[in-house]
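What follows is each chain in one-letter form.
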Amino acid sequence: MKIFTTIACSALAVAFASCGSSPKKTEDPDRITVACYYFPNYHTHDRRNDSLKGDGWAEWELVKKARPCFDGQQQPKVPAWGYTDEKDPAEMARKIDAAADNGVDVFIFDWYYYDDGPFLNRALDEGFLKAPNTEKLKFALMWANHDWLDIHPYTKGDEQKILYPGRVTPETFDKIGDLIIKEYFTKPNYWTVDGKPYFSVYDVQKFVENFGSVEAARAAMDKLREKAVAAGLPGVHWNLVTWGNPVLPGEKAAENTPELLKKLGFDSGTSYVWIHHTPLPDLQTDYIRAMDDYFAFWDKARAEYGVPYYPNVTMGWDPSPRYVEQTPEGIKNYLVTYTIGNNTPENFREALQRTKDRLLADPNGPRILNINSWNEWTEGSYIEPDSIHGTGYLEAIKAVFGQAAPTAAE
């Protein structure tokens, strides 16, 4: 994207940025924005998947093949809408309607971009953005900058081969910045926080490695803010996904998250899934226990982070469809965790209500939460309708928040 460099344009942009993020809102100050993560590996003909897995492969293939591996485990998960192709605008339109009509305001797309280009981008670029009702829902990006491993599926003892390294060059990040401003941040339904486009980073350590030091990483963040201002935006709202317990093989959690938040200048912190912060001691750890453990972490994050923390509500956790050896021990060997059980729509609703109450109890706190996930089917954390609970998880969101998603113009 061409960045404006004339004195007049730069002065105007800087003045706009410094005078406040956006016009003062007249909406209810206690209205909570409900964002939902979206994992875009459920469409055919991604060039990387086709090359590795065969023509037309999508992660639905793992969902279909899943089987129970212990008493009481509900597998396979069966989508009520069928094994849809999310890059189809008509299919995405149904998702948008269901989300917006049941209280979801934002899809946060897990967004992948490596040194050799994008990955899993067709759900957003061809499905969501070309859906006839795309303006009904806001969207944002969470740069999933982790190593992509050959674990779909994974067999115990196999080499954990890195297919696409999460670390990119500074030159690649420059390209990423230009791309996201031009193609996403300037869309009328891109989600903003205090008027600034929200951009989230999954792995802070990989992010720092891109540039060689914390200071260089901070400079890159500031440069993206400057590019956004030059493009007529108020800046960038930088968000960090924080986590402690590794989930993917090879992951290593940061040991100094509060310090990194401060030194890098992130505007907020959040989480992707409860199990990043809570152990699962039992083969099927009870949902309420997992929620209580996560809430204890939330208290710690609010006390230590020094920036607003946006809480997460997780629907469930069962990654066994991604593991070839579907046995109880196989699950633990694959993703270092067991599963969450008793994650009924009723218990999910309780988690939503408790999260809402905690947010509203802080008059000066944020009014944002996120949900894991719209469609993490192979991780057992999804709110799309299934054959067991139907639309129960969507109805839980609507019951707690009772709000229609604002249009892009609002």
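The coordinates are above.
It should be emphasised that the depicted structure is a prediction, and the values quoted were computed from it without experimental measurement. Throughout this document, residue positions are counted from 1 along each chain, in the order its sequence is written. Per-residue local features of the predicted model are confined to residues with pLDDT of at least 70, and side-chain atom pairs are confined, for both listing and counting, to 80 or more; whole-chain, interface and lining totals are unaffected and use all residues. Values reported for side chains reflect all heavy atoms of the structure, with hydrogen atoms and water molecules removed beforehand.

K.L.:
For the overall build of the protein chain, give the residues involved together with the corresponding values.
P.N.:
The secondary structure content of the protein chain amounts to 13 helices and 17 strands. Exposure categories follow from relative accessible area, calculated using a 1.4 Å probe and restricted to protein chains: below 20% of the type maximum is buried, above 50% is exposed, and the middle band is partly exposed. Within the protein chain, the proportion of its 410 residues that are buried is 57%. Note on definitions: a residue-residue contact is assigned when non-hydrogen atoms from the two residues lie within 4.5 Å. Sequence separation of at least 24 residues holds for 78% of the intrachain contacts in the protein chain that already meet a minimum separation of 6. Summing over all exposed atoms, the protein chain offers an accessible surface of approximately 16300 Å²; the carbon and sulfur share of this is 52%. Numbering of helices and strands runs from the N terminus, with a helix taken as a DSSP run of H or I at least four residues long and a strand as a DSSP run of E at least two residues long. Surface exposure here means Shrake-Rupley accessible area, sampled with a 1.4 Å probe, where a residue is shielded only by the protein chains that are shown.

K.L.:
Describe in detail the packing of helix H7 (residues 204-211) against helix H8 (residues 214-230), supporting the description with residues and values.
P.N.:
The packing of two helices is summarised by the inter-axis angle and the distance between the axes. The contact between H7 and H8 brings their axes to 7 Å, and the two run at 90 degrees. Taken together, the axes of H7 and H8 lie roughly perpendicular to each other. Contacts between H7 and H8 involve Phe207, Val208 and Phe211 from the former and Val214, Ala216, Ala217, Ala220 and Met221 from the latter. To obtain each axis, a line is fitted to C-alpha atoms, and for helices this fit is confined to the stretch in contact; angles are then taken between N-to-C directions over 0 to 180 degrees. Throughout, the term roughly parallel applies to angles under 35 degrees, roughly antiparallel to angles over 145, roughly perpendicular to angles from 65 to 115, and oblique to all others.

K.L.:
Pulling in residues and values, what's your account of the side chain of Ser320?
P.N.:
Locating Ser320 in the fold gives a position in the loop between strand S13 (312-314) and helix H11 (328-335). Polar contact criterion, stated in full: a pair of N or O atoms within 3.5 Å, where within protein one must be able to donate a hydrogen and the other to accept it, and residues adjacent in sequence count only if both atoms are side-chain atoms. Only 2.9 Å separates the side chain of Ser320 from the side chain of Gln73, close enough to count as a polar contact. Separated by 2.8 Å, the side chains of Ser320 and Asp318 make a polar contact.

K.L.:
Explain the nonpolar core residue by residue, including any values.
P.N.:
In terms of nonpolar packing, the biggest core is built from 117 residues, with Phe107, Phe128, Phe199, Trp238, Phe348, Ile371 and Ile383 touching the most fellow members. In contact with Phe128, other than residues within four places in its own chain, are Met92, Ile96, Phe107, Phe109, Ala123, Thr134, Leu137, Lys138, Phe139 and Asn189. In this description, a nonpolar core means a group of buried Ala, Val, Leu, Ile, Met, Phe, Trp, Tyr and Cys residues linked to one another through side-chain atoms lying within 4.5 Å.

K.L.:
Describe unusual backbone geometry, naming the residues involved and giving the relevant values.
P.N.:
With an omega dihedral of 0 degrees, the bond running from Gln75 to Pro76 counts as a cis peptide bond. Secondary-structure assignment places Pro76 in the loop between helix H3 (60-65) and helix H4 (89-101). With omega at 5 degrees, the peptide bond leading from Asn372 into Ser373 counts as cis. Checked against the element boundaries, Ser373 lands in the loop between strand S15 (368-372) and strand S16 (375-376). Even without a glycine there, the phi angle at His45 is positive, about 65 degrees.

K.L.:
So what about the pairing of strand S2 (residues 106-114)? Which residues, and what values?
P.N.:
Burial of S2 is extensive: nine of the nine residues sit out of reach of the surface. In S2, alternate side chains face the same way, and those of Val106, Ile108, Asp110, Tyr112 and Tyr114 on one face and Phe107, Phe109, Trp111 and Tyr113 on the other are all buried. When DSSP finds at least two bridges between two strands, those strands are taken to pair. Pairing of strand S1 (residues 33-38) with S2 involves four bridges; the strand directions are parallel. Across the sheet, the residue bridging to Ala35 is Val106, located in S2.

K.L.:
Quick one: what's the story with helix H10 (residues 287-304), residue by residue and with numbers?
P.N.:
In this scheme, a helix's expected span is set at 1.5 Å multiplied by one less than its residue total. Given a rise of 1.5 Å per residue, 18 residues ought to cover 26 Å, and the 26 Å separating the end C-alpha atoms of H10 matches this to within 8%. Burial in H10 covers these residues: Tyr287, Ala290, Met291, Tyr294, Phe295, Phe297, Trp298 and Ala301. One side of H10 carries all its buried residues, which in axial view fall inside an arc of 165 degrees. Buried residues along H10 sit against strand S11 (284-286), strand S12 (309-310), S13, strand S14 (339-341) and helix H12 (345-360). Taken from the residues just after H10, Gly306 is the one with a positive phi, measuring 80 degrees. Relevant arc is that of directions from the helix axis to the C-beta atoms, nothing else.

K.L.:
So what's going on with the pairing of S15? Which residues, and what values?
P.N.:
In terms of burial, S15 is largely enclosed, as five of its five residues are buried. Both faces of S15 are covered, namely the face carrying Ile368, Asn370 and Asn372 and the face carrying Leu369 and Ile371. As defined by bridge partners, S1 adjoins S15 across four bridges and the pair is classed as parallel. Residue pairing in the sheet places Cys36 in a bridge with Ile371 of S15. With three bridges joining them, S13 and S15 adopt parallel strand pairing. Of the residues in S15, the one forming a bridge with Thr314 is Asn372.

K.L.:
Just give me the short version of the pattern of salt bridges, but keep the residues and values in it.
P.N.:
A pair is scored as a salt bridge if a Lys or Arg side-chain nitrogen falls within 4 Å of a carboxyl oxygen belonging to Asp or Glu. Taken as a whole and assessed by the stated rule, the structure comprises 25 salt bridges. For the salt bridge of Glu59 with Arg322, the shortest nitrogen-to-oxygen distance reads 2.7 Å. One end of the pair, Glu59, is in the loop between helix H2 (47-53) and H3; the other, Arg322, is in the loop between S13 and H11, with 263 residues separating them in the sequence. As far as burial versus exposure is concerned, Glu59 and Arg322 are alike and both buried. Ionic pairing is found between Glu376 and Arg322, a salt bridge with its closest N-O pair at 3.8 Å. Residue Glu376 is found in strand S16, and its partner Arg322 is found in the loop between S13 and H11; the two are separated by 54 residues along the sequence. For Glu376, a relative accessible area of 3% corresponds to the buried category. What you see here is one network of salt bridges that share partners, running through Glu59, Arg322, Glu376 and Glu379.

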